[in-house]
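Report on the structure
Given next are the chains, with one letter for each unit.
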Protein chains: 2
Amino acid sequence: MSHYPRVEHIAIAVENLEAAISVYAAILGRLDSGRETVESEGVRIGFFDLGGARLELLEPLSEDSPVGRFLTRRGPGLHHLALEVDDIEAALERCRAAGLRTVGDAPRQGAGGRLVAFLHPEGTGGVLVELSQAPG
Amino acid sequence: MSHYPRVEHIAIAVENLEAAISVYAAILGRLDSGRETVESEGVRIGFFDLGGARLELLEPLSEDSPVGRFLTRRGPGLHHLALEVDDIEAALERCRAAGLRTVGDAPRQGAGGRLVAFLHPEGTGGVLVELSQAPG
């Protein structure tokens, strides 16, 4: 049986990445976070690999980035939910048939050679859903 | 190596459970959702078991339940993040030492014999974090 789709990561928008990493290290009892800057998305990411779903903390590089605008509008909090699928084209076809819209190009090239697509929160109960297909 | 903590579930507050289940069934390409009513939390839950982290959709039983008030205040969207820990007392001790507050009794008896505790969003970057320890 396929183990797809699965939750690939949960992303949290934060104002201060290092402060947030300290808090989640305390909650998780782990200090082994990674850090990555993704200029194209205007974001600095801190992450904890938890064996299954990954936890990502997102600090915007500027106020007019997507995460910067999210912080201005809603304040810090859960930002998006990423689901890993084995076939992103098939998943997008299902979503469009259900009347869901995507945000921007879909699918597009994401970090680590992944194909990613974002579903507009309007159709998903207010949740920005990322679909993600591993490379290869 | 311990595989704890891990993401146990992600919960989404929705206005109409059956409509939300249809949408997520389309996104996931799966129809095998479960349903459960938890009177003590004032909520009807639809869930998808995804092999790792579970996806939960929460519809309030009344407007003055916690999820009902969340919907009134913020609208539908990501509601909380549940982390499974192997020792909830040790986790709470770490969290309190880091200056985090809990919401209500902590830990308390949750569904399925679990011990659960909620961390106040104020200290966690706006995220209601549930800590959860499996029974036994």
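The sections below set out a description of the structure shown in this document. (Residues numbered from 1 in each chain as written. Chains lettered and ligands numbered in written order. Predicted model: local features only at pLDDT ≥ 70, side-chain atom pairs only at ≥ 80, totals over all residues. Heavy atoms only, no water.)

What follows is about the relation of the copies chain B and chain A. Relative to chain A, chain B is turned by 180° and slid 0.0 Å along the rotation axis, the superposed coordinates differing by an RMSD of 0.0 Å. The relationship between the two copies is best expressed as a two-fold rotation axis. Interface overlap between copies: 97% of the residues of chain B at the interface are likewise at the interface in chain A, consistent with a symmetric, same-surface contact. (Least-squares fit on C-alpha atoms with pLDDT ≥ 70 in both. Contact = heavy atoms within 4.5 Å.)

So, about a positive patch on the surface. A surface patch of positive charge is lined by Arg69(A), Arg73(A), Arg74(A), Arg69(B), Arg73(B) and Arg74(B). Counting only elements with at least two residues in the positive patch, the list comes to helix H2 (66–74) of chain A together with helix H2 (66–74) of chain B. Relative to the helices and strands, Arg74(B) resides in helix H2. Overall, Arg74(B) belongs to the partly exposed group, its relative accessible area being 33%. (Patch = residues over 30% accessible without salt bridge, like charges linked within 9 Å, V, L, I, M, F, W, Y side chains within 5 Å. Areas by Shrake-Rupley, 256 points an atom, 1.4 Å probe, with all protein chains shown as cover. Salt bridge = Lys/Arg side-chain N within 4 Å of Asp/Glu carboxyl O. Lys, Arg positive; Asp, Glu negative; His and termini not counted. Charge placed at Lys NZ, Arg CZ, Asp CG, Glu CD. Helix = DSSP H or I, 4+ residues; strand = E, 2+ residues; numbered from the N terminus. Buried < 20%, exposed > 50% of the residue type's maximum accessible area, 1.4 Å probe, protein only.)

A few words now on helix H1 (residues 17–28) of chain B. All names here are of chain B. For H1, spanning 12 residues, the distance from its first C-alpha to its last is 16 Å, which sits close to the expected 16 Å at 1.5 Å a residue. For H1, a buried count of nine out of 12 residues is recorded, marking the element as mostly surrounded by other parts of the structure. Inspection of H1 places Leu17, Ala20, Ile21, Val23, Tyr24, Ala25, Ala26, Ile27 and Leu28 among the buried residues, and these make up the whole buried set. Its side-chain oxygen at 3.2 Å from the backbone nitrogen of Glu18, Asn16 defines the N-terminal cap of H1. (Expected span 1.5 Å × (residues − 1). Polar contact = N/O pair within 3.5 Å; in protein donor to acceptor, adjacent residues only side chain to side chain.)

To continue, consider the interface of chain B and chain A. Residue-level contacts link 38 residues of chain B with 37 residues of chain A. Surface buried jointly by chain B and chain A totals about 3000 Å² across both partners, of which 70% is contributed by carbon and sulfur atoms. Put simply, chain B and chain A have zero salt bridges between them. Counting across the chain B and chain A interface gives nine residue pairs in polar contact (both at pLDDT 80 or more). Of all the secondary structure elements, the ones that give two or more residues to the side of chain B that touches chain A are strand S1 (6–13), H1, strand S5 (77–84), helix H3 (88–97) and strand S8 (128–133) of chain B. A total of six residues in the side of chain B that touches chain A trace back to one element, the largest contributor, which is S5(B). Each residue belonging to the side of chain B that touches chain A can be placed in one class, and the counts come to 25 nonpolar, nine polar and four charged. (Buried area = accessible area lost by both parts, 1.4 Å probe. Nonpolar A, V, L, I, M, F, W, Y, C, P; charged D, E, K, R; others polar.)

Another aspect to go through is the pairing of strand S4 (residues 54–60) of chain B. Residues and elements named next belong to chain B. For S4, the tally of buried residues reaches seven of seven residues, placing the bulk of the element in the interior. Both faces of S4 are covered, namely the face carrying Arg54, Glu56, Leu58 and Pro60 and the face carrying Leu55, Leu57 and Glu59. Bridging between S1 and S4 involves five bridges; their strand directions are parallel. Paired with His9 across the strands is Arg54, a residue of S4. Bridge count for strand S3 (residues 43–48) against S4 is six bridges, and the pairing is antiparallel. If you follow Phe48 over to S4, its bridge partner there is Leu55. Here S3 folds back onto S4 in antiparallel fashion, the turn holding five residues, of which Gly51 has a positive phi close to 90°. (Pairing = 2+ DSSP bridges.)

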